[in-house]
Amino acid sequence: MRAAVVSSFEAPPRYQEVAEPVAAGRDEMVVEVLAAALHPRVRSQADGSHYTSTEELPLVPGIDAVVRDPKGRIRYTVLDDTTLGTMAERTVIETDRSVVLPDHIDPVQVAAAMNPVMSSWVALRRRIDFQRRQRVLILGATGSAGRMAIQVAKRFGAGQVIAAGRDAARLERLRALGADVVCTFDELARAADVDVVIDYVWGEPAARAMVALLTARADRSAPLTWVQIGSVAGPDAPIPSAALRSARLQIVGSGIGSVPGRDFIKELPKMAAAVGDGAFDVRARAVPLAEVERAWMDTLGTPERIVFVP
């Protein structure tokens, strides 16, 4: 069997032969991989920087995929911690960590959308008590997950969605996805009175944004929930202590560990149905898995989600 293999955290995966997967447990099955997306979570898995990394090598990267099971059914699946990921011709899945999809779905589109949709969907559904009509600010809105977060927040009834990023031209295009207001990081005072922040940035930019928002809020006693999901600007943010004392600010993270795995699984059917029905604007590009090494290096910063097709 052929797969993408990480042999060093300092180098991209290479396409090579690996042993055939074997289902060990009663609830496991060997499946054919149809499409597996390359997203930031997979990159951090492959370079050993994700907080769940065990540093075990070699490994086949990939944490989710659209697959075909032995009975011919199409499924979307997420994997538990394993060194045999989804960027392979075949892999092993646990049945209860997958959901059956309609036969008519586009595997590439579903594979591209599910992970970025999941980040904000689970955060708003399972991590905080999100209410309809609340105002939402998305930091890092021009990225794939940020674009999906605009659409997810609108789907869940947000009263106003403000999209923030660095590129003004790309921000303007987000209005078509449902963003009511767009602003650069220098204009965040316009978003001061939001109820929820979905943060894909973190690092120093998020710390500065937090201070700017809190300083400009009309009522600092009004609750503000800051949901930390991604960290494209760095893993550490120098948040001043005054930010936590001077306003009614709650900072929470949403991800593996802070949200139980069973909660992710419970949301899969609804997410898969929404994605499969075309509820989200998806940008995807299929790339043969055999080209994984080149694509891994060439697609940094692309607006499209790369999806490997074995």
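Conventions we followed
Position numbers for residues start from 1 in each chain and track the written sequence from start to end. Selection of residues for local features in this predicted model requires a pLDDT of at least 70, selection of side-chain atom pairs for listing and counting requires 80 or more, and totals for whole chains, interfaces and linings are taken over all residues. The side-chain values count all of the structure's non-hydrogen atoms but skip hydrogen atoms and water molecules. The helix and strand labels rest on DSSP assignments: H or I over at least four residues marks a helix, E over at least two residues marks a strand, and numbering proceeds from the N terminus. Pairing between two strands requires that DSSP report at least two bridges joining them. With axes taken as lines fitted to C-alpha atoms, and helix axes fitted only over the stretch in contact, angles between N-to-C directions fall between 0 and 180 degrees. Roughly parallel here means an angle under 35 degrees, roughly antiparallel means over 145, roughly perpendicular means 65 to 115, and every remaining angle is called oblique. For any pair of crossing helices, the crossing counts as left-handed if the nearer helix is rotated counterclockwise from the farther one by less than a right angle, and right-handed if it is rotated clockwise. Any two residues having at least one pair of non-hydrogen atoms within 4.5 Å are treated as being in contact. What qualifies as a polar contact is a pair of N or O atoms within 3.5 Å, subject to a donor-acceptor requirement within protein and to the restriction that residues adjacent in sequence count only when both atoms come from side chains. To estimate how far a helix should reach, multiply one less than its number of residues by 1.5 Å. Note that bend, as reported per residue, equals the angle between axes fitted to the 7 residues terminating at that residue and the 7 residues originating from it. Basic side-chain nitrogens of Lys or Arg form a salt bridge, by our definition, when they fall within 4 Å of a carboxyl oxygen of Asp or Glu. In this scheme, a residue with accessible area under 20% of its type's maximum is buried, one over 50% is exposed, and one in between is partly exposed, where area comes from a 1.4 Å probe on protein chains only.

1. Topic: unusual backbone geometry
Here is step 1: Of note, the amide linkage connecting Leu 57 to Pro 58 takes the cis form, showing an omega dihedral of -5 degrees.
Here is step 2: Residue placement: Pro 58 occurs in the loop between helix H1 (40–46) and strand E4 (64–68).
Here is step 3: For Arg 133, which is not a glycine, the phi torsion comes out positive at approximately 80 degrees.
Here is step 4: For Arg 133, the position within the fold is in the loop between helix H2 (107–127) and strand E8 (135–139).
Here is step 5: Backbone geometry at Trp 202 places phi at a positive 55 degrees, although glycine is not the residue there.
Here is step 6: Topologically, Trp 202 is positioned in the loop between strand E11 (196–199) and helix H5 (203–216).

2. Brief notes about the sheet that holds strand E10 (residues 181–184)
Here is step 1: Taken in spatial order, the six strands line up as E10-E9-E8-E11-E12-E13 in an open sheet, and their pairing is parallel. Among the strands making up the open sheet, the edge pair consists of E10 and strand E13 (249–253). Direction aside, neighbouring strands of the sheet carry axes that sit 20 degrees apart on average.
Here is step 2: Two elements, strand E12 (residues 224–228) and E13, share five bridges in a ladder whose sense is parallel. Bridging from a neighbouring strand, Gln 228 pairs with Gly 253 of E13.

3. Comments concerning the packing of H2 against helix H3 (residues 144–155)
Here is step 1: One can describe the packing of H2 onto H3 by two numbers: an axis separation of 8 Å at closest approach and a directional angle of 50 degrees. Accordingly, the angle class assigned to the pair H2 and H3 is oblique. You can see that H2 and H3 cross each other, and the crossing is right-handed. Across from Ala 113, Pro 116, Val 117, Ser 119, Ser 120, Trp 121 and Leu 124 in H2, the residues of H3 making contact are Ser 144, Ala 145, Met 148, Ala 149, Val 152, Ala 153 and Arg 155.

4. Description of the environment of His 39
Here is step 1: If you trace the backbone, His 39 turns up in the loop between strand E3 (28–38) and H1.
Here is step 2: Separated by 76 residues in sequence, His 39 and Asn 115 place their C-alpha atoms 7.8 Å apart.
Here is step 3: At 3.5 Å, the side chain of His 39 forms a polar contact with the side chain of Asn 115.

5. Things to note about helix H7 (residues 261–276)
Here is step 1: Here H7 contains 16 residues, and its C-alpha end-to-end distance of 22 Å stays within 8% of the 22 Å for a straight helix at 1.5 Å per residue.
Here is step 2: Largest kink in H7: about 40 degrees, centred on Leu 268, with the proline Pro 269 one to four residues after it.
Here is step 3: Residues of H7 that are buried make contact with strand E5 (74–78), strand E7 (98–100), H2 and H3.
Here is step 4: Immediately beyond the C-terminal end of H7, within one or two residues, lies Gly 278, with a positive phi of roughly 80 degrees.

6. A few points about the pattern of salt bridges
Here is step 1: Here the structure, examined in full by the defined rule, presents 18 salt bridges.
Here is step 2: Across the pair Arg 14 and Glu 293 runs a salt bridge whose closest N-O atoms are separated by 3.7 Å. Pair noted here: Arg 14 is in strand E2 (residues 14–17) and Glu 293 is in helix H8 (residues 292–298), with a separation of 279 residues, a long-range link.
Here is step 3: By relative accessible area, which is 53% here, Arg 14 ends up exposed.
Here is step 4: Looking at Glu 293, the relative accessible area reads 34%, which means it is partly exposed.
Here is step 5: Notably, a salt bridge pairs Arg 73 with Asp 69, separated by 2.9 Å at the nearest N-O pair.
Here is step 6: Among the residues examined, Arg 73 registers a relative accessible area of 33% and is labelled partly exposed.

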